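Here's the letter readout for the chains.
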Amino acid sequence: MSKQIKSLSLSPVNDLHESEYRWFAIYTKYKGEKQVIRELLKKGIEAYTPLLEVTKKYSRKVKNYNVPLLNCYVFVKISRKEYVKVLETQHVINYVKIRKDLVAIPKTEIDLLKRIVGEFKDVSIAQGEYKIGDQVEVVGGSLTGLKGHLININGKKDFLINLEKSGFQLLINIDPKLLRPVGISLA
């Protein structure tokens, strides 16, 4: 009986559902994110990768590029029937798994990534006194509602965001005027 219980506890978690569509991360070939998205869209599979607009200045011109926020990662919204179709797509290496477990990424984290690559709105909030390690919340701009821990406020404006299920940590520069300590209301 103990062998039976042991084998049940070691079986992998699989968040794939027969009919419900959920978000999963896939690992792609280096610089293959945009091509993977085009191929997945042709197959009728919803795919997303957060893109940042980067401006490069050359001696005679200025060019704008869209580069992935997370290199080699694409997010797909699939049910069980699309699982193999995604793996068969050119430049897809594998699904991102935690150990051997295929874990769905909550829609809130996908929405968070979409807000991160958006533009900030000019909102001015009274700056409080912060210490490194304080848990803070963004109260203005396109990242409103985001919570994380303050890493550095000595002129750098660094804010660490933990994405629980996907396992990513993002370091973002943000104006301390747009932060408030968690647990304090904006009265």
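Definitions and limits used
Along each chain, the written sequence defines residue order, and numbers are assigned to residues from 1. Thresholds applied to this predicted model are a pLDDT of at least 70 for local features of residues and 80 or more for the giving and counting of side-chain atom pairs; totals over whole chains, interfaces and linings are not thresholded and use all residues. Hydrogens and water molecules were not included; the side-chain quantities draw on all heavy atoms of the structure. Two strands pair under a simple rule: DSSP has to find at least two bridges between them. Labels follow the DSSP assignment, with helices taken as runs of H or I lasting at least four residues and strands as runs of E lasting at least two, numbered in each case from the N terminus. The axes used here are C-alpha line fits, helices contributing only the stretch in contact, and every angle between their N-to-C directions lies in the interval 0 to 180 degrees. We call a residue buried when its accessible area falls under 20% of the maximum for its residue type, exposed when it is over 50%, and partly exposed in between, using a 1.4 Å probe and counting protein chains only. The reported arc concerns the directions from the helix axis to the C-beta atoms and nothing else. Residues are called lining when one of their atoms sits within 4 Å of a cavity or pocket point, these points coming from a 1 Å grid over the protein atoms alone, where a cavity is a set in which a 1.4 Å probe fits but cannot get out and a pocket is an open set with protein on both sides within 12 Å along at least five of seven lines. Grid points are joined across faces, edges and corners, and a volume is the space filled by probe spheres set on the points. Note on residue classes: Ala, Val, Leu, Ile, Met, Phe, Trp, Tyr, Cys and Pro are nonpolar, Asp, Glu, Lys and Arg are charged, and everything else, Gly too, is polar. Per-residue confidence from the predictor is reported as pLDDT, which spans 0 to 100. For this analysis, residues touch if any pair of their heavy atoms sits within 4.5 Å.

J.: Please provide a residue-by-residue account of the sheet that holds strand β5 (residues 73-78), values included.
T.: Pairing in this open sheet of 4 strands is antiparallel, and the strands run β2-β5-β1-β6 from one edge to the other. Two strands close off the open sheet at either side, each with one partner strand: β2 (46-48) and β6 (92-95). Pairwise comparison of adjacent strand axes, ignoring direction, gives a mean angle of 35° for this sheet. Relative to β5, β2 is paired through 3 bridges, and the arrangement is antiparallel. Within β5, the position partnered with alanine 47 by the bridge is valine 76.

J.: Please set out helix α4 (residues 107-116) residue by residue, giving values where relevant.
T.: Buried residues of α4: Glu109, Ile110, Leu112, Leu113 and Ile116, and no others. Down the axis of α4, the buried set is contained in an arc of 155°. They therefore lie on one face.

J.: Which residues make up the layout of surface pockets, and what are the values?
T.: One number sums up the size of the second largest pocket: a volume of about 170 Å³. Those elements that provide at least two residues to the lining of the second largest pocket are α2 (33-42) and β4 (62-68). In terms of residue count, the dominant contributor to the lining of the second largest pocket is β4 (3 residues). Its residues assigned to classes, the lining of the second largest pocket comprises 3 nonpolar, 2 polar and 3 charged.

J.: Outline the confidence of the model for the protein chain, listing residues and values.
T.: As a general rule, the predicted coordinates of low-pLDDT regions are not to be interpreted in detail. Mean pLDDT for the protein chain: 77, with 69% of residues reaching 70 or above. Note that residues 1-11 has pLDDT below 50 and, in this model, 0 contacts with residues that lie over four places away or in other chains. Low confidence marks residues 119-126, where pLDDT is under 50. Its contacts with residues over four positions away, or in another chain, come to 15 contacts.

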